[in-house]
Amino acid sequence: MLSRSSLSALEAHCLSSEWRVPAIGIVHLGIGNFHRAHEALYTEEAMLAQPGDWGICGVTLQGDVSKRDALMTQDGLYSVVERGPDGVRVTVVRALREVLAMPFGRARLFERFADERVRIVSLTVTEKGYCRDPQTGDADFTHSGVAHDLAHPDEPSTVPGILCAAFKARRDAGTPPFTVLSCDNLSHNGEALRQAVCSFARRLDPALAMWIETHVAFPSTMVDRIVPATTDADRAAAQAALGVRDEAPVPCEPFRQWVIEDRFPAGRPAWETAGAQLVDDVAPFEIAKLRMLNATHSTLAYLSMLAGFETISDAVGHAPLASLIHAMMTREIAPTLDVPPSFDLGTYRDALLARYANPALKHRCAQIAMDGSQKMPPRILSTIQARLDAGQPIERLALAVAAWFTFLRGRADDGSRYAISDPLAERLTNAADNAGTPDSLVDALLAVSDVFPASLARNPALREALVRAATKLQNGSLAAIDEYARMD
Ligand code: CS2
């Protein structure tokens, strides 16, 4: 079993044999695979280049005690299994010092929050973890967790509730605040989190809201690495390389990127020594990544769920689907982006297609297809809005949205069934199930105002393009893919 005592025999699999165990300086909310293959690795490399106390305390907000136990039994150690087209590289990560499962670890978590050495609280809690009202961007006060946290501020369970309670403890103790670093795929993620937290604080304690607004930095970031869910094959690969068992390895692609707005009043690890780009404005990078990568990922996922391709590499292995995605990026998405001159969108597009084709990664389309109600607005609807505003065609983007609508029926082209995992699942699947024709499917889903702002829902060009695409999909997704791939 992987543990501190087995480490000395594993030097070849560590980034360096030099290692001083750091004190905890980062609390990370959402200790899923993504963080462990991304920020944790950057942080370990940064500490090797420039020693500092940036050990990580990871928190599972879902109370996943089996994950906590698996990692804590291994003293927080785990391996990253990098799967490239040319083979596998296994690296043991040591930056994670502690794992807590909420609500059981709440007292311990608040000890960490009170500790002045904790200078960053970072998050990967997925889009729905922010509990935002999609229309206003404030905390969603109709959300049961948010309502609970307002009534019981000392027993918080949501991100706005937890962060406000932590800031209250710091303010009351006269301790300077930590910086909050959102690492989720939301546009303007720092600002989005700041608004959710401050709106919650205003309801709870207006003076606390003022304190947060005045003293706390919420820098934005663009994070990128494709990190699938762990499988037994990853456990076997880790064991074969290490000679010991790792119950919690993380598979990922070789590529990684991190662009960070450099606003950390309480200090930060020297992430730039690990290749992170520290910039003044993340927005162009963040929007390009959401609209190019995440949008095409979602498009591939929904079309594949209908057509029966299991993984992203299977999907782009189908030539018409690869050409459709290529054209979608070239013709419909890239022209909406405003990036620095050094950012070549053609090169970026080609690199994405090469990453998708990585046959070793086995990134399941079903994983990406989850939570469409949260993912569609920043990934695809924002591009549609920009193009409609400019009077430009949106045929391929509309096919992506129509594929999501059709997917919500829970049935692939061959009749096989799958479950819909989405915070709005009930509303979405009811709407999709009750609609017999492409027109009624489109109308029922455009009426979901948490996803479609009124300006989009009422746009006739969008409705027509969606009905056209939904009609084609009804006759089989492969034929629709073929037709849209050949479109001018
Ligand atoms: C994916 C992302 O699951 C998804 O929705 O699109 O997790 C994607 O793999 C990452 O953002 C890549 O950086």
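Per an unreviewed UniProt entry, the protein chain is named Mannitol dehydrogenase, and its organism is Caballeronia arvi.

### A look at the sheet that holds strand β2 (residues 55–60)
Pairing is parallel across the open sheet formed by 5 strands, whose spatial order is β5-β2-β1-β6-β7. Only two strands of the sheet have a single neighbouring strand rather than two, namely β5 (96–101) and β7 (179–182). The mean angle between the axes of side-by-side strands here comes to 20°, regardless of whether they run parallel or antiparallel. Sheet topology note: the strand β1 (residues 24–29)/strand β6 (residues 120–123) ladder contains 4 bridges and is parallel. When the bridges of β6 are listed, L29 appears paired with L123. With respect to the sheet, helix α4 (residues 106–114) is in contact with β1, β2, β5 and β6, its orientation differing from that of β1 by roughly 130°.

### With respect to helix α10 (residues 283–307)
Here α10 spans 34 Å end to end across 25 residues, near enough to the 36 Å set by a 1.5 Å rise per residue. The sharpest bend along α10 comes to roughly 30°, located at L290. Phi turns positive one or two residues past the end of α10, at G308, with a value near 95°.

### Remarks on the nonpolar core
By size, the foremost hydrophobic cluster in this structure holds 85 residues, and its most contacted members are I384 and W404. Top element by residues in this core is α10. It accounts for 11 residues. With sequence-adjacent residues up to four places away left out, W404 is seen in contact with Y302, G372, S373, M376, L428, V451 and F452. Counting residues in each nonpolar core, the second largest holds 41 residues, with C131, V159, F178 and L186 among its members.

### Brief notes about the UniProt feature "domain: Mannitol dehydrogenase C-terminal" (unreviewed entry) in the protein chain
According to UniProt, the "domain: Mannitol dehydrogenase C-terminal" (unreviewed entry) feature falls on residues 281–472. The distance from the first to the last C-alpha atom of residues 281–472 is 41 Å, and the span holds 67% helix and 0% strand.

### Focus: the UniProt feature "domain: Mannitol dehydrogenase N-terminal" (unreviewed entry) in the protein chain
Mapped onto the present numbering, the UniProt feature "domain: Mannitol dehydrogenase N-terminal" (unreviewed entry) falls at residues 25–272. Counted over residues 25–272, helix gives 38% and strand 21%. Its end C-alpha atoms are 17 Å apart.

### Thoughts on the sheet that holds strand β8 (residues 221–224)
The strand order β8-β10-β11 describes an open sheet built from 3 strands, whose pairing is mixed. Each having just a single partner strand, β8 and β11 (277–279) make up the two edges of the open sheet. Direction aside, neighbouring strands of the sheet carry axes that sit 15° apart on average. Judged from the 3 bridges that link them, strand β10 (residues 257–261) and β11 form a sheet pairing that is parallel. The residue of β11 that forms the bridge with I260 is L278.

### Side note on the domain arrangement of the protein chain
Often, the extent of an interface is quoted as the loss of accessible area upon association of its parts. According to the domain assignment, the protein chain consists of domain 1 (4–279) and domain 2 (283–485). Taken over C-alpha atoms, the centre of domain 1 sits 29 Å from the centre of domain 2. Together, the buried faces of domain 1 and domain 2 total about 2200 Å²; carbon and sulfur atoms form 58% of this surface. Applying the counting criterion to the domain 1 and domain 2 interface returns 4 salt bridges. The closest approach of N and O atoms between E127 and R379, which form a salt bridge, is 3.8 Å. If you look at where domain 1 meets domain 2, you find 10 residue pairs in polar contact (both at pLDDT 80 or more).

### Some words on the packing of aromatic side chains
For the coordinates displayed, the defined rule picks out 13 aromatic pairs. For the pair F264 and W271, a centre-to-centre distance of 5.7 Å together with 70° between the ring planes defines the contact as edge-to-face. In this arrangement the basic side chain of R119 is found over the ring face of W54, its NZ or CZ atom lying 4.1 Å from the centre. The lysine or arginine in question, R203, covers the ring of F141, its NZ or CZ lying 3.7 Å from the ring centre.

### Thoughts on the site of the ligand
All residues in the neighbourhood of the ligand are listed as N185, V223, D224, R225, I226, K289, N294, H297, H363, I368, K375 and R379. Within the side chain of N185, a nitrogen or oxygen atom sits 3.0 Å from an oxygen atom of the ligand. One of the backbone nitrogen or oxygen atoms of R225 is found 3.0 Å away from an oxygen atom of the ligand. Relative to its free-state accessible area of 340 Å², the ligand is covered by the protein chains to the extent of 88%. The set of elements that each furnish at least two residues to the shell around the ligand consists of β8, α10 and α15 (372–389). No other element matches the 3 residues that α10 contributes to the shell around the ligand.

Analysis parameters
- Residues numbered from 1 in each chain as written.
- Predicted model: local features only at pLDDT ≥ 70, side-chain atom pairs only at ≥ 80, totals over all residues.
- Heavy atoms only, no water.
- Pairing = 2+ DSSP bridges.
- Helix = DSSP H or I, 4+ residues; strand = E, 2+ residues; numbered from the N terminus.
- Axes fitted to C-alpha atoms, helices over the stretch in contact; angles between N-to-C directions.
- Contact = heavy atoms within 4.5 Å.
- Expected span 1.5 Å × (residues − 1).
- Bend = angle between axes of the 7 residues up to and from the residue.
- Core = buried A, V, L, I, M, F, W, Y, C linked by side-chain atoms within 4.5 Å.
- Buried < 20%, exposed > 50% of the residue type's maximum accessible area, 1.4 Å probe, protein only.
- UniProt positions renumbered as here; feature names shortened; annotations may be inferred.
- Domains from an automatic or database assignment.
- Buried area = accessible area lost by both parts, 1.4 Å probe.
- Salt bridge = Lys/Arg side-chain N within 4 Å of Asp/Glu carboxyl O.
- Polar contact = N/O pair within 3.5 Å; in protein donor to acceptor, adjacent residues only side chain to side chain.
- Phe/Tyr/Trp six-rings, centres within 6.5 Å; stacked < 30°, edge-to-face > 60°.
- Lys NZ or Arg CZ within 6 Å of the ring centre and 35° of its normal.
- Near = heavy atom within 4 Å.
- Areas by Shrake-Rupley, 256 points an atom, 1.4 Å probe, with all protein chains shown as cover.

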